[in-house]
Number of protein chains: 2
Amino acid sequence: MKPRHAHHSEDCRAVSAILQRVGDKWSALVVTKLGAGAMRFGELKAAVGGISQKMLTTTLRGLERDGFVTRTVFPTIPPRVDYELTELGRELLGPVMALVSWATSNTERINAARNAFDDRSGPAQ
Amino acid sequence: MKPRHAHHSEDCRAVSAILQRVGDKWSALVVTKLGAGAMRFGELKAAVGGISQKMLTTTLRGLERDGFVTRTVFPTIPPRVDYELTELGRELLGPVMALVSWATSNTERINAARNAFDDRSGPAQ
DNA sequence: CCGTATCCGATGAGATACTG
DNA sequence: CAGTATCTCATCGGATACGG
């Protein structure tokens with residue numbers, strides 16, 4: 001079902017999908033937190049800060065599905081669930097951290113550009 | 001003027017915002033295409049493939065706003081508009097390409113993990 | 001403690017039609 | 001050719017409440 005010449009849009013969509021995995025609101029943050037080692041659900045929630053229970057579970061399920069984290073349930077009372085990066089997840093951490101640290105050190109420049117743009121585009125629009 | 005320890009959320013939200021800029025459906029693709037040099041609107045649309053006019057404009061405006069691309073209008077008939085990466089945009093290209101190439105070379109592993117997960121979670125759900 | 005279910009507003013994204 | 005304006009539908013993300 002491909003068009004006649006299967007150019008790189010195949011790859012592009014795959015790449016785009018992965019970028020969206022780490023590009024959603026919380027995934028990158030969660031992955032970097034887990035970079036420090038295994039954590040349980042509650043710890044993670046506290047570490048990330050501001051994330052709702054629902055979004056944390058959703059995010060973790062997504063990461064688990066793509067093979068970036070493992071989920072380990074201890075059938076105790078109260079229950080305890082640990083999350084940990086897989087090998088794949090640790091490999092992902094490299095590029096992600098690179099992007100994160102670039103972003104961190106260029107926040108100011110981006111904000112400046114943004115303000116300049118908004119200024120040009122009409123403050124009283 | 002921050003406490004020593006509680007400064008995570010500030011940075012995190014800024015970083016998260018930038019990750020979402022490149023993490024949306026088209027930005028990363030557009031940035032990588034522009035990595036090859038300046039292009040006009042139509043070229044870009046063809047190069048990306050599958051993007052609607054509306055989304056390309058929206059994406060480019062966002063990138064322009066954040067200072068990653070410049071927009072140059074030639075007041076000819078028919079009109080011609082060129083887009084080009086700024087210095088900031090070219091710097092961004094590095095980390096983004098790293099992530100993109102990691103994603104490209106690990107698509108198979110991710111798909112495998114995804115299939116395995118979907119399998120576990122109930123194929124007939 | 002961890003997770004699910006539900007509701008709801010906000011945003012994302014495509015299709016189409018129209019202007020300079 | 002490039003961009004805007006709508007309209008419409010899907011998905012995201014938060015709040016809240018409930019269940020094992």
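Structure: see above.
This one's a predicted model, so the numbers in the text were calculated from it and none came from an experiment.

Right, let's talk about helix H5 (residues 87-120) of chain B for a bit. Over its 34 residues, H5 of chain B runs 47 Å from end to end, which matches the ideal 50 Å to within 8%, given 1.5 Å per residue. The distance from a side-chain oxygen at the start of H5 of chain B to the backbone nitrogen of Leu88 of chain B is 3.3 Å, and the residue carrying that oxygen is Thr86 of chain B.

Let us look at the protein's contact with DNA strand D. Close contacts around DNA strand D come from 18 residues, with Lys25 and Lys54 of chain A together with Phe41, Gly42 and Arg71 of chain B the closest. In DNA strand D, the atoms that sit within 4 Å of the protein are 60% sugar and phosphate, with bases accounting for the remainder. Arg61 of chain B is positioned such that a nitrogen or oxygen atom in its side chain is 3.5 Å from a phosphate oxygen of DNA strand D. Of all elements in the fold, only helix H4 (53-65) of chain A together with helix H3 (41-48), helix H4 (53-65) and strand E3 (80-85) of chain B reach the threshold of two or more residues within the surface near DNA strand D. Among the residues forming the surface near DNA strand D, the class breakdown is eight nonpolar, four polar and six charged.

Next up on the list: the interface of chain B and chain A. The interface is formed by 41 residues belonging to chain B together with 41 residues belonging to chain A. Summing both sides of the interface, chain B and chain A together bury roughly 4000 Å²; the carbon and sulfur share of this comes to 69%. The largest per-residue losses of area from chain B upon contact with chain A belong to Arg65, Leu99 and Trp102 of chain B, which jointly make up 17% of the total buried on that side. For the pair chain B and chain A, the number of links is six salt bridges. With a closest N to O distance of 2.8 Å, Arg114 of chain A and Asp66 of chain B form a salt bridge. There are 10 residue pairs in polar contact (both at pLDDT 80 or more) connecting chain B and chain A. At the level of secondary structure, the elements contributing two or more residues to the side of chain B that touches chain A comprise helix H1 (8-23), helix H2 (27-34), H4 and H5 of chain B. For the side of chain B that touches chain A, the element with the most residues is H5 of chain B, which contributes 20 residues.

Residues and elements named next belong to chain A. Within the fold, Ser27 resides in helix H2 (residues 27-34). For Ser27, the side chain forms a polar contact with the side chain of Asp24, separated by 2.8 Å. Excluding residues within four positions of it along the chain, Ser27 makes contact with Arg21, Val22, Thr59 and Leu63.

Let us look at the relation of the copies chain B and chain A. Once turned by 180° and shifted 0.0 Å along the axis, chain B lies on chain A with an RMSD of 0.1 Å. Taken together, the rotation angle and the small translation identify this as a two-fold axis. Rotation axis and chain B: the residue whose C-alpha lies nearest the axis is Gly23 of chain B, separated from it by 1.9 Å. The overlap is high: 100% of the interface residues of chain B also sit at the interface in chain A, so the same surface is used on both sides.

Turning our attention to empty space enclosed by the protein. What the rule picks out here adds up to one cavity of 30 Å³ or more. The volume enclosed by the largest cavity comes to roughly 30 Å³. Together, Leu19, Val22, Gly23 and Leu99 of chain A together with Leu19, Val22, Gly23 and Leu99 of chain B line the largest cavity. Only helix H1 (9-23) of chain A together with H1 of chain B provide two or more residues apiece to the lining of the largest cavity. The residue makeup of the lining of the largest cavity, split by class, is six nonpolar, two polar and no charged.

This brings us to the side chain of Thr59 of chain A. Structurally, the position occupied by Thr59 of chain A is in helix H4. Ignoring anything within four residues of it in the chain, the contact list for Thr59 of chain A reads Arg21, Trp26, Ser27 and Val30 of chain A.

Further remarks concern the sheet that holds strand E3 (residues 80-85) of chain A. Residues and elements named next belong to chain A. Strand order in the open sheet formed by three strands is E1-E3-E2, and the pairing between neighbours is antiparallel. Bordering the open sheet on either side are strand E1 (39-40) and strand E2 (69-74), each of which pairs with just one other strand. As paired elements, E1 and E3 share two bridges and run antiparallel to each other. Within E3, the position partnered with Arg40 by the bridge is Asp82. The sheet contacts of H2 involve E1, E2 and E3, and relative to E3 the element is tilted by about 90°. Strand contacts of H4: E2 and E3, with the helix running at about 115° to E2, the strand carrying the most contacts.

Calculation notes
Residues numbered from 1 in each chain as written. Chains lettered and ligands numbered in written order. Predicted model: local features only at pLDDT ≥ 70, side-chain atom pairs only at ≥ 80, totals over all residues. Heavy atoms only, no water. Helix = DSSP H or I, 4+ residues; strand = E, 2+ residues; numbered from the N terminus. Expected span 1.5 Å × (residues − 1). Polar contact = N/O pair within 3.5 Å; in protein donor to acceptor, adjacent residues only side chain to side chain. Near = heavy atom within 4 Å. Nonpolar A, V, L, I, M, F, W, Y, C, P; charged D, E, K, R; others polar. Contact = heavy atoms within 4.5 Å. Buried area = accessible area lost by both parts, 1.4 Å probe. Salt bridge = Lys/Arg side-chain N within 4 Å of Asp/Glu carboxyl O. Least-squares fit on C-alpha atoms with pLDDT ≥ 70 in both. 1 Å grid on protein atoms, 1.4 Å probe; cavity = no way out; pocket = protein on both sides within 12 Å on 5 of 7 lines; lining within 4 Å. Points joined across faces, edges and corners; volume = space filled by probe spheres on them. Pairing = 2+ DSSP bridges. Axes fitted to C-alpha atoms, helices over the stretch in contact; angles between N-to-C directions.

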